[in-house]
Amino acid sequence: MSTTDAVPVSLAEIARIAGVGRAAVSNWRRRHDSFPTRIGGTDVSPQFSLAEVEHWLRDNGKLKDVGGRELLWPHFEALGSRDESGLAVAEAARRMRSSRTRTTHPQLSVQAGELVIEAAKLGRREGPRETFEFLLQRWLETHVRQLSTTPAQLAALMARAALAVRLDGDEDGLTVLDPACGTGHLPAAVAHEYDGTGLTVLACERDPALAALTSARLGFIADDRAIRTEVATADALREDCFAGTLADIALCNPPFNERDWGYEELATDQRWTHGLPPRTEPELAWVQHLLSHLRPGGTAVVVLPPAVASRKAGRRIRASLLRTGVLRAVVALPPGSAQPHSVSLQLWILRALPNSPSATPVGQDALLVDATRFARPGAREPGPDWDALRSFVLAALEGVDQPDRNPPEGAVRVPLLDLLDDEVDVTPGRYATSGKEPSHAELAASWRELTTRLADLTGCAQYLAGLDLQPRTPQTTATVGDLVKAGALTLIAGQQPLDSTPSAGAAGLPMLTVPDLLMDGAPSGRVPEGSDHAVAEEGDVVVAGVIRAFRAWVHQGPPTALGPQLYALRVDPEKLDAHFLAGCLRAPANGRQAGTHASSSSRVDIRRLQVLPLPLAEQAAYAAAFRRLTDFDDLLARAEDLGHRLVSDVGDRLAAGGLGG
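Reading the values: rules and limits
- Residues numbered from 1 in each chain as written.
- Predicted model: local features only at pLDDT ≥ 70, side-chain atom pairs only at ≥ 80, totals over all residues.
- Heavy atoms only, no water.
- Helix = DSSP H or I, 4+ residues; strand = E, 2+ residues; numbered from the N terminus.
- Buried < 20%, exposed > 50% of the residue type's maximum accessible area, 1.4 Å probe, protein only.
- Contact = heavy atoms within 4.5 Å.
- Lys, Arg positive; Asp, Glu negative; His and termini not counted.
- Charge placed at Lys NZ, Arg CZ, Asp CG, Glu CD.
- Core = buried A, V, L, I, M, F, W, Y, C linked by side-chain atoms within 4.5 Å.
- Pairing = 2+ DSSP bridges.
- Polar contact = N/O pair within 3.5 Å; in protein donor to acceptor, adjacent residues only side chain to side chain.
- Salt bridge = Lys/Arg side-chain N within 4 Å of Asp/Glu carboxyl O.
- Axes fitted to C-alpha atoms, helices over the stretch in contact; angles between N-to-C directions.
- Parallel < 35°, antiparallel > 145°, perpendicular 65-115°, else oblique.
- Nonpolar A, V, L, I, M, F, W, Y, C, P; charged D, E, K, R; others polar.
- Phe/Tyr/Trp six-rings, centres within 6.5 Å; stacked < 30°, edge-to-face > 60°.
- Left-handed = near helix turned anticlockwise from the far one by under 90°.
- pLDDT = per-residue confidence, 0-100.
- Right-handed = clockwise from strand over helix to strand, strands pointing away.

Draft legend 1. Spatial organisation of the overall build of the protein. Within the protein one finds 20 helices and 22 strands. Dimensions of the protein, computed from C-alpha atoms along their principal axes, come out at roughly 90 × 85 × 45 Å. Among the 661 residues that make up the protein, the fraction classed as buried is 49%. In the protein, the proportion of contacts linking residues at least 24 apart, taken out of those at least 6 apart, comes to 73%. Of the side-chain charges in the protein, 68 are positive and 82 negative, and the distance between the mean point of each set is 2 Å.

And the structure:
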């Protein structure tokens, strides 16, 4: 293309194009004088000309069998604007599907229009659907911090739940509505899960780029099966573009915590049949909007933050939803199911009242399902155990209209009389136990495990008590900065996630942040593999450079990206023992002395942290003692947790009269 010379690419992008790791590209740059020179960026994150890189890769046989899509994407990224690149991807998809299409979106520049034509040609050669999905995924990864999408697994679960819970509808087909569709994950999930005929998909999105991408995605689905789609660009609360239209199913993952949702201008809107949503409760406005579009007996499934189930401002509307039998179930999802990933989001299952005399009577209870136990903290793959979560939730929802059916463990039917109190709190965890009561054999196993832990703890205590510890005397020390200058270690600083950082549900490397350390220590995000990001490898010493979370440890496990105020120290094994270094660094006094000021939020100047300057041979004894001290700390924490659980379980059993004769 004529614009190729102006397109910059990073080392990570070159690695993608060549189908290799970023380290290989860095190696080529060092070993080959002919490698293209930097045209921009910084020494840490240099940028190169795409045209020169492509020419060099071809001349040196490094391009291999990578398709043209990898070479195409940097052109979209070079457009700069999120909206224009999104519209260009959508327009290219439209042209891929039909070679007769000639008009171009009026908001696209001449450069974007030329790119659309080239992308359409490539798509028709390499597969239109595959090319569009590739471009869409790269666009989502690039702008993930500006977008909130519904993971495919959650979208499929919501679609299956809605199809399972809805009352029998028209034999002529199914109408589905999503009034805040984003890039169309939920409508696409229904199209894949519904195996009937006569499917109509109605979607609305206020962001023109997202609406265009949804239309493109649904267009490819419509090529495979007979479905009718209509995607409108509007703010559904302020401008109800499908007013008067009733749907069999409504799915929605609405924007959270938006104060400017139209409270003043919509105060007298006819949709608020359960009460005017308070200004601070926009989610309850979306709930009632969905209900206004359901035919009698139709079902809605909506993703909501957990506070909606208990906030005082929304209790009157919650009470009305329960009293009328509209709110049928609430499912608490595991953290990591969708953005924000640190929160246990909820699915609300709602159903419009049927108008048939023979219809199921209004329920006198609500089904509350606690599925938070299906989280997988620290797992190699992000997100919950989707297979187990899906099976559990669908099994629980099977009995939503069967009061005589016992729900599975972790789900409970709560009578409306118990829910309609002063709080009207429908949080599942308040009523549903997330695990079964331990059996006699399980309690015995827990006591045996605690005994083993305490024995190990005693062994560690005896070892540590036997150390010949001398009184503290002034010692000559070296700082981390000194060791860096001497080449004994390399300091790698973590950084703020870039716009190209995908969420926890995306592919790539796990990313650890200081807030993760303050919670459970499990990485909560992801970064694209091969991206320009600080990564801790196995054997690196990782240091948290803030007083409130100050710690240092030897990293074990897969490579992990590091967020701000986290540092990786990569040692030269011929000069430093990693466990010796970590032990010296994590001494609390060391962190306090290197802190920038006295408050708990102060940062630690990593280069000022002090280390004993011992020969490598002498470091081994200290490393062994430091490791046993770490083992002692871990055993103490595990024994404490296990002991508290036993106190709770045994206390419940005793209070219930479980003491035998």
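Draft legend 2. Broad picture of the nonpolar core. Among the nonpolar cores identified, the biggest contains 46 residues, and Leu154, Leu251 and Leu347 are the most heavily contacted of them. Examining the composition of this core, we find that eight residues originate from one element, helix α8 (residues 152-165), more than from any other. Other than its neighbours up to four places away in sequence, Leu347 contacts Leu154, Leu157, Met158, Val301, Val302, Val303, Ala329, Val330, Val331 and Leu333. Residues Ala250, Leu294, Leu368 and Val426 belong to the second largest nonpolar core, which totals 44 residues.

Draft legend 3. Structural context of the sheet that holds strand β16 (residues 525-527). On the basis of which strands lie adjacent, the open sheet formed by four strands has the order β16-β15-β20-β17 and mixed pairing. The sheet is open, and its two borders are formed by β16 and β17 (535-536), each paired with just one other strand. Across two bridges, β17 lies against strand β20 (residues 560-562) in antiparallel orientation. Looking at β20, one finds that Ala536 is bridged to Thr560.

Draft legend 4. Spatial organisation of the environment of Pro615. Here Pro615 shows up in the loop between β22 (610-611) and α20 (616-655). With 39 residues separating them along the chain, Pro615 and Leu576 place their C-alpha atoms 8.3 Å apart.

Draft legend 5. Representation of the sheet that holds strand β3 (residues 46-49). Spatial strand order, β1-β3-β2: three strands in an open sheet with antiparallel pairing. The open sheet terminates on both sides in strands that have one partner only, identified here as β1 (8-10) and β2 (40-41). The pairing of β2 with β3 spans two bridges and is antiparallel. Directly across from Gly41, in β3, lies its bridge partner Pro46.

Draft legend 6. Broad picture of the pairing of strand β18 (residues 541-544). With burial as the criterion, each face of β18 is covered, one bearing Val541 and Val543 and the other bearing Val542 and Ala544. Of the strand pairs in this sheet, β18 and strand β19 (residues 551-554) are connected by four bridges, and their pairing is antiparallel. Opposite Ala544, over in β19, you have Arg551 as the bridge partner. Between the antiparallel neighbours β18 and β19 lie six residues. Pairing analysis gives four bridges linking β18 to strand β21 (residues 566-571), with the strands arranged antiparallel. By the bridge assignment for β21, Val542 is matched with Ala568.

Draft legend 7. Looking closely at the side chain of Thr560. Here Thr560 shows up in strand β20. Separated by 3.1 Å, the side chain of Thr560 and the backbone oxygen of Pro558 make a polar contact. Residues within four places of Thr560 in sequence aside, it is in contact with Pro510, Met511, Leu512, Pro523, Ala534, Val535, Ala536 and His555.

Draft legend 8. Examining the pattern of salt bridges more closely. This structure, assessed with the given rule, holds 30 salt bridges. Across the pair Arg206 and Glu258 runs a salt bridge, and its minimum N-O distance is 2.5 Å. Residue Arg206 is found in the loop between β5 (199-205) and α10 (208-224), and its partner Glu258 is found in the loop between β7 (247-252) and α11 (282-292); the two are separated by 52 residues along the sequence. Residues Glu281 and Arg311 are paired through a salt bridge, measuring 2.7 Å at the closest nitrogen-oxygen approach. In this pair, Glu281 is assigned in the loop between β7 and α11 and Arg311 in the loop between β8 (294-304) and α12 (315-323), connecting sequence segments 30 residues apart. On the accessibility criterion, Glu281 (0% relative accessible area) is buried. What makes Arg311 partly exposed here is its relative accessible area of 23%. Three or more residues joined by partner-sharing salt bridges are found here, namely Glu13, Glu70, Arg138 and Glu141.

Draft legend 9. Spotlight on the packing of helix α5 (residues 82-97) against helix α7 (residues 128-142). For the pair α5 and α7, the least separation of the axes is 10 Å and the interaxial angle reads 170 degrees. By the angle between their directions, the pair α5 and α7 is classed as roughly antiparallel. Contacts from Arg82, Ser85, Gly86, Val89, Ala93 and Met96 of α5 reach α7 at Pro128, Thr131, Phe132, Leu135, Leu136 and Trp139. Class assignment for the residues of the contact of α5 with α7 results in eight nonpolar, three polar and one charged.

Draft legend 10. Inspection of the packing of aromatic side chains at higher detail. Scanning the model with the defined rule gives nine aromatic pairs in all. Geometrically, the ring pair formed by Phe35 and Trp56 is edge-to-face, given 5.0 Å between the ring centres and 70 degrees between the ring planes. Of the two residues, Phe35 sits in the loop between α2 (22-31) and β2 while Trp56 sits in helix α3 (residues 50-59), which places them 21 residues apart along the sequence. Residue Phe35 is classed as buried on the basis of its relative accessible area of 6%. Among the residues examined, Trp56 registers a relative accessible area of 5% and is labelled buried.

Draft legend 11. Quick peek at the packing of helix α18 (residues 578-585) against α20. Relative to each other, α18 and α20 sit at 60 degrees, their axes nearing to 8 Å. Handedness of the α18/α20 crossing: left-handed. Seen from α18, the contacting residues are His579, Phe580, Gly583 and Cys584; seen from α20, they are Gln619, Tyr622, Ala623, Phe626 and Arg627. Tallied by class, the residues present in the contact of α18 with α20 amount to five nonpolar, three polar and one charged.

Draft legend 12. Spatial organisation of the confidence of the model for the protein. Looking at the protein as a whole, the pLDDT averages 85, with 90% of positions reaching at least 70. Low pLDDT, under 50, characterises residues 499-506; the predicted model gives this stretch 34 contacts beyond four residues in sequence or across chains.

Draft legend 13. Structural context of the pairing of strand β4 (residues 174-178). Of all five residues in β4, five are buried, a share of seventy percent or more. Residue alternation in β4 divides its side chains into two sets, Leu174, Val176 and Asp178 and Thr175 and Leu177, and both sets are buried. Two elements, β4 and β5, share five bridges in a ladder whose sense is parallel. Across the sheet, the residue bridging to Asp178 is Ala203, located in β5. As a crossover connection, the stretch from β4 through helix α9 (residues 185-193) into β5 is right-handed. In this structure, β4 lies alongside β7, joined through two bridges in parallel fashion. Counted as the bridge partner of Val176 is Ile249 from β7.

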